[in-house]
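Here is how the chains run, residue by residue.
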Amino acid sequence: MKRGVWISLLLLMAAALYIRLHYVLEAEYPPLEWDQLEYTKTAIQLLEKGIFAYRDTVPNSLVTPGFPLLLAAVFSLTGHEQLESALMVVRVMNCFISLGAILFLFLIGKRLFNPLTGLIAGAFAAVYPSYVWSTSLILTEVPFLTVFTGLLYMQVRIIQDNKWRDHLWMGALLGLCVLIRPNILPLAVVPYMFLWVKTKKIDAAYGLLAAASFACMMMPWWIRNWMTFHSFIFIAKGEAGNPFLGGTDPYFRGTIDWDHIDKDNQFAEGMRRIKEGLVEEPLLWMKWMTIGKLLVFFKTMWVGPYPFSVPAWYANALTQLHTFLIAAGSIAMIIFSFRKPSVQYVTVAFLLFLGVHMVFIPVDRYVYGMLPFLMLGSAYLITQVIYLLHSVWTTSLLQRRGI
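What you see is a predicted model; the values in this text were computed from it and never measured.

If you look at the biggest cluster of nonpolar residues, it comprises 118 residues, and the most contacted ones within it are Phe 75, Phe 148, Ile 184, Phe 298, Tyr 345, Phe 373 and Met 375. When sequence neighbours within four positions are dropped, the list of residues in contact with Phe 373 reads Phe 148, Leu 152, Leu 187, Met 333, Val 346, Ala 349, Phe 350 and Phe 353.

This is the structure we're talking about:
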């Protein structure tokens, strides 16, 4: 049985790699723009001038350095004079990195539930269009997802086994994840919440070990910021208010005058808009900050031109898969959270991650990191239906045989 499971996983990952490489190697790429261009320019500037600056030529800390450093490492090996060739190396590398997320999803599903749930969740990740298309992009998503699912796996190990090395690894992966995309930081408390509920105590030494491991990963960034700006910058500084302010435009009516916004006080402007909106149009703003943003998040997929590269029937099937994952994952969390601790972990982590993003502008790109929870929930629901049908069939067969 164990051998069959691992063979199935290898075949699944081989299929996922083929799907990704086929798309990446066959796709046509327009000139870089927006974040893809800025990350590339940041990496090249770091190599040529030794300056870490995003969207500028003087040092700043607008973004954390994880992904630009990864790009710079690749460019240092490939050179960047022939930029498109270097970018193709990054894209192909993404195809292999993305397999890590499939592996970790399998391991999480296997630990929380059973191997079949892990395989089904991994299969969802193997074909989900956002996870395929993102390998062609020069963006943070692919390395983030693999590190993020690795972090979740370590959290599951902490809740179940609570061994010191799992805390050590979780702290390191948390630091690496924050250096790529900081929005996951609040999830650090989740395993300790469950340990408290489970044992009514938390081993402070283990918590400190995780914190020390996290600090070791972050320390070079903190030291660089202190030496450059003579102040402690925990994560990033200078642009974090923008997504928050963007989320204060109910249903994208264009009520924000971006030409007259004080770039240094975007968070304060966003808070002012929320307070004013709740006073003047309370129903509109309460609906927008709750159900309105939820609908925007999950209504569409972040897939770019990928659906046009596959047969129409397959593209339609992927759309149906998206709808299924949202519905089945949500149903599984609602039904099973009350009596199964494993589902409770998935639910709590998902709601916390969703809550963080509900503060900001709702775009389907942000669902990228929420999907692992929905995939696990959907996979578990499927396995429960399979086991139920098998039990009914077995019972019926025994009754017909008079047993």
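What follows concerns the pattern of salt bridges. Under the counting rule described, the total for this entry stands at eleven salt bridges. Residues Arg 91 and Glu 84 are paired through a salt bridge, measuring 2.7 Å at the closest nitrogen-oxygen approach. The partner of Arg 181 in a salt bridge is Glu 141, with the nearest N and O atoms 3.1 Å apart. One end of the pair, Arg 181, is in the loop between helix H8 (164–180) and helix H9 (190–199); the other, Glu 141, is in helix H7 (residues 141–160), and 40 residues separate them in sequence.

Once that is clear, we can look at a nonpolar patch on the surface. Together, Met 219, Ile 223, Trp 226, Met 227, Phe 232 and Phe 234 make up a nonpolar patch on the protein surface, roughly 650 Å² of accessible area in all. If you trace the backbone, Ile 223 turns up in helix H10 (residues 204–229). On the accessibility criterion, Ile 223 (42% relative accessible area) is partly exposed.

As a further point, take the packing of aromatic side chains. Centre distance and the angle of the planes are the two values used to describe a pair of aromatic rings. Tallied over the entire structure, the rule returns 28 aromatic pairs. Ring geometry for Phe 148 versus Phe 373: centroids 6.0 Å apart, planes at 75 degrees, classification edge-to-face. Within this pair, whereas Phe 148 is found in helix H7, its partner Phe 373 is found in helix H16 (residues 371–400), the two being separated by 225 residues in sequence. When its relative accessible area of 0% is taken as the criterion, Phe 148 is described as buried. On the basis of relative accessible area, Phe 373 is assigned to the buried category, the value being 1%. Linked through ring pairs, Tyr 128, Tyr 131, Trp 133, Trp 302 and Tyr 368 together constitute an aromatic cluster. Over the aromatic face of Tyr 29 sits the side chain of Arg 91, whose NZ or CZ is 3.7 Å from the ring centroid.

This part covers the packing of helix H3 (residues 66–78) against helix H4 (residues 83–112). Closest axis-to-axis distance for the H3/H4 pair is 10 Å, and the angle between their directions is 125 degrees. The angle between the axes of H3 and H4 places the two elements in the oblique class. The interaxial crossing formed by H3 with H4 has right-handed handedness. Taking contact as the criterion, the partners of Leu 70, Leu 71, Val 74, Phe 75 and Thr 78 in H3 are, on H4, Leu 83, Ala 86, Leu 87, Val 89, Val 90 and Met 93. In the contact of H3 with H4, the residues fall into ten nonpolar, one polar and no charged.

Criteria and cut-off values
- Residues numbered from 1 in each chain as written.
- Predicted model: local features only at pLDDT ≥ 70, side-chain atom pairs only at ≥ 80, totals over all residues.
- Heavy atoms only, no water.
- Core = buried A, V, L, I, M, F, W, Y, C linked by side-chain atoms within 4.5 Å.
- Buried < 20%, exposed > 50% of the residue type's maximum accessible area, 1.4 Å probe, protein only.
- Contact = heavy atoms within 4.5 Å.
- Salt bridge = Lys/Arg side-chain N within 4 Å of Asp/Glu carboxyl O.
- Helix = DSSP H or I, 4+ residues; strand = E, 2+ residues; numbered from the N terminus.
- Patch = residues over 30% accessible without salt bridge, like charges linked within 9 Å, V, L, I, M, F, W, Y side chains within 5 Å.
- Areas by Shrake-Rupley, 256 points an atom, 1.4 Å probe, with all protein chains shown as cover.
- Phe/Tyr/Trp six-rings, centres within 6.5 Å; stacked < 30°, edge-to-face > 60°.
- Lys NZ or Arg CZ within 6 Å of the ring centre and 35° of its normal.
- Axes fitted to C-alpha atoms, helices over the stretch in contact; angles between N-to-C directions.
- Parallel < 35°, antiparallel > 145°, perpendicular 65-115°, else oblique.
- Left-handed = near helix turned anticlockwise from the far one by under 90°.
- Nonpolar A, V, L, I, M, F, W, Y, C, P; charged D, E, K, R; others polar.

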